[in-house]
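Each chain, letter by letter, is given below.
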Amino acid sequence: APRESWSWREGDFSKVWKSLERKPLSIERTKGSQILFGIAPCSLALSQSRRDLFRLFLKESSGHRRLVRSELVLQATARGVPVHHVKRRELDALCRGQVHQGVCLEASPLAFKSLEEAEKPNLGDEESLNRQLIWLVLEQIQDPMNLGALLRSAYFLGVDRVVTSQRNSCPLTPTVSKASSGAMEVLDVYSTDDLRSFLKAKSAEGWEVVGTVSTSEDVENVPVISCSEFRWNKPVIIVIGSEGDGLSLETQLLCHQMLTIPPGRALHPGIESLNVSVATGILLHSICSQKRRHGD
């Protein structure tokens, strides 16, 4: 009789366990927190001291990423961040189906920095001039994937500062961090609520303000040149416009010249332009390669 009783309880427990397995784990979030996802964003967020960190969630597995996850556990332990091993569906639910690579991190959001917080470079300093300062200014970039890709290119190619317009611009979300491959976690991003006054002030300080257009037609007497013809001989600001409309006319009129990327063939109507992040990567490489040549 005792054996039969145990057998019944064991079977009953199995049913209950399977029922529980079908229900995603209910995880109560810290108020105001975000869920970062992906190995690079989570690892870099753990290695920096820019966010408050609450919990690290790792997929239960013994696959080829086990060593990577062990490193994440060490990072989390060093920061005093609790580590939870959960099933894939729990991670899927946490980041709403995004590609998480088996890693999620609950953390406080990252905010834009105000330009008032920025350390102002001294343009009279010979070392600053030799460094050939380059800032990337983004006007109303709204797609988080584009913003992330822009930040990744800016970080990789050596941009000194990224500034966005506050109006109609994408915030610094976990999707942006993932698209930037974690560059958002290490690169300060500034914001201004008065882009035109900012550009006027930098121009008065001796910076060259350069806009971007997809065609070679002059814009209200602002010269348009190929990016390969641009010569970087003073601190420069590259201004990039929104995905759909490009730079506003008011911003274009504040530029000293406009850069365009010449196509490699005759283009069919409808595919005459590049994605904004791809175009920006090409422009930045064209300009930043001059820094490397001058440094030789």
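In what follows, the structure referred to is the one given above.
Residues numbered from 1 in each chain as written. Predicted model: local features only at pLDDT ≥ 70, side-chain atom pairs only at ≥ 80, totals over all residues. Heavy atoms only, no water.

J.: Report on the pairing of strand 11 (residues 236–240), specifying residues and quantitative values.
T.: Counting buried residues along strand 11, 5 of its 5 residues qualify, which places the element largely inside the surrounding structure. Where burial is concerned, the two faces of strand 11 agree: the one with Val236, Ile238 and Ile240 and the one with Ile237 and Val239 are both buried. Where strand 6 (residues 134–138) and strand 11 come together, 5 bridges link them in parallel fashion. Looking at strand 11, one finds that Leu138 is bridged to Ile240. (Buried < 20%, exposed > 50% of the residue type's maximum accessible area, 1.4 Å probe, protein only. Helix = DSSP H or I, 4+ residues; strand = E, 2+ residues; numbered from the N terminus. Pairing = 2+ DSSP bridges.)

J.: Describe the environment of Lys59, listing the residues and the values that go with them.
T.: Turning to its location among the elements, Lys59 is positioned in strand 2 (residues 53–59). Lys59 sits in the partly exposed class, given a relative accessible area of 25%. Spatially, the C-alpha atoms of Lys59 and Arg88 are 5.7 Å apart, while their sequence positions differ by 29 residues. Look past the residues within four positions of Lys59 in its chain and what remains in contact with it is Arg69, Val86, Arg88, Leu91 and Gly102. (Contact = heavy atoms within 4.5 Å.)

J.: Break down the nonpolar core for me, citing the residues and quoting the values.
T.: In terms of nonpolar packing, the biggest core is built from 32 residues, with Leu136, Leu151 and Val162 touching the most fellow members. Setting aside residues no more than four positions away along its own chain, Val162 makes contact with Leu136, Leu138, Leu151, Ala154, Leu187, Asp188, Val189 and Tyr190. Counting 20 residues, the second largest nonpolar core, distinct from the first, contains Leu133, Val213, Val224 and Met258. (Core = buried A, V, L, I, M, F, W, Y, C linked by side-chain atoms within 4.5 Å.)

J.: Give a description of the layout of surface pockets that names residues and reports values.
T.: There is about 670 Å³ of room inside the largest pocket. In this structure, the largest pocket is lined by 29 residues; those nearest its centre are Val213, Ser214, Ser273, Leu274 and Ala279. Elements with a contribution of two residues or more to the lining of the largest pocket: strand 12 (257–260) and helix 10 (276–295). The residue makeup of the lining of the largest pocket, split by class, is 13 nonpolar, 13 polar and 3 charged. (1 Å grid on protein atoms, 1.4 Å probe; cavity = no way out; pocket = protein on both sides within 12 Å on 5 of 7 lines; lining within 4 Å. Points joined across faces, edges and corners; volume = space filled by probe spheres on them. Nonpolar A, V, L, I, M, F, W, Y, C, P; charged D, E, K, R; others polar.)

J.: Please set out the pattern of salt bridges residue by residue, giving values where relevant.
T.: For the structure shown, the criterion picks out 9 salt bridges. Here Glu106 ties to Arg55 by a salt bridge, and the two come within 2.9 Å at their closest N and O atoms. Here Arg55 lies in strand 2 and Glu106 lies in strand 4 (residues 103–107), a separation of 51 residues in the sequence. Owing to a relative accessible area of 0%, Glu106 belongs among the buried residues under this scheme. Its salt-bridge partner being Arg196, residue Glu139 comes within 3.7 Å of it at the nearest N-O pair. A residue pair is termed long-range when its members are at least 10 positions apart, and Glu139 in the loop between strand 6 and helix 6 (144–157) and Arg196 in helix 8 (residues 195–204) qualify at 57 residues. (Salt bridge = Lys/Arg side-chain N within 4 Å of Asp/Glu carboxyl O.)

J.: Just give me the short version of the sheet that holds strand 2, but keep the residues and values in it.
T.: Strand order in the open sheet made by the 4 strands is 1-4-2-3, with mixed pairing throughout. Because the sheet does not close on itself, it has two edges, and the strands there are strand 1 (34–37) and strand 3 (83–86). Between one strand and the next, the sheet's axes are offset by a mean angle of 25°, whatever the strand orientation. Alignment of strand 2 against strand 3, held across 4 bridges, turns out to be parallel. Each bridged residue has a counterpart across the sheet, and for Phe57 the counterpart in strand 3 is His84. Across the face of the sheet, helix 2 (residues 39–47) comes into contact with strand 1, strand 2 and strand 4 while running at roughly 40° to strand 4. (Axes fitted to C-alpha atoms, helices over the stretch in contact; angles between N-to-C directions.)

These results come straight from atomic positions and should not be treated as a statement about function.
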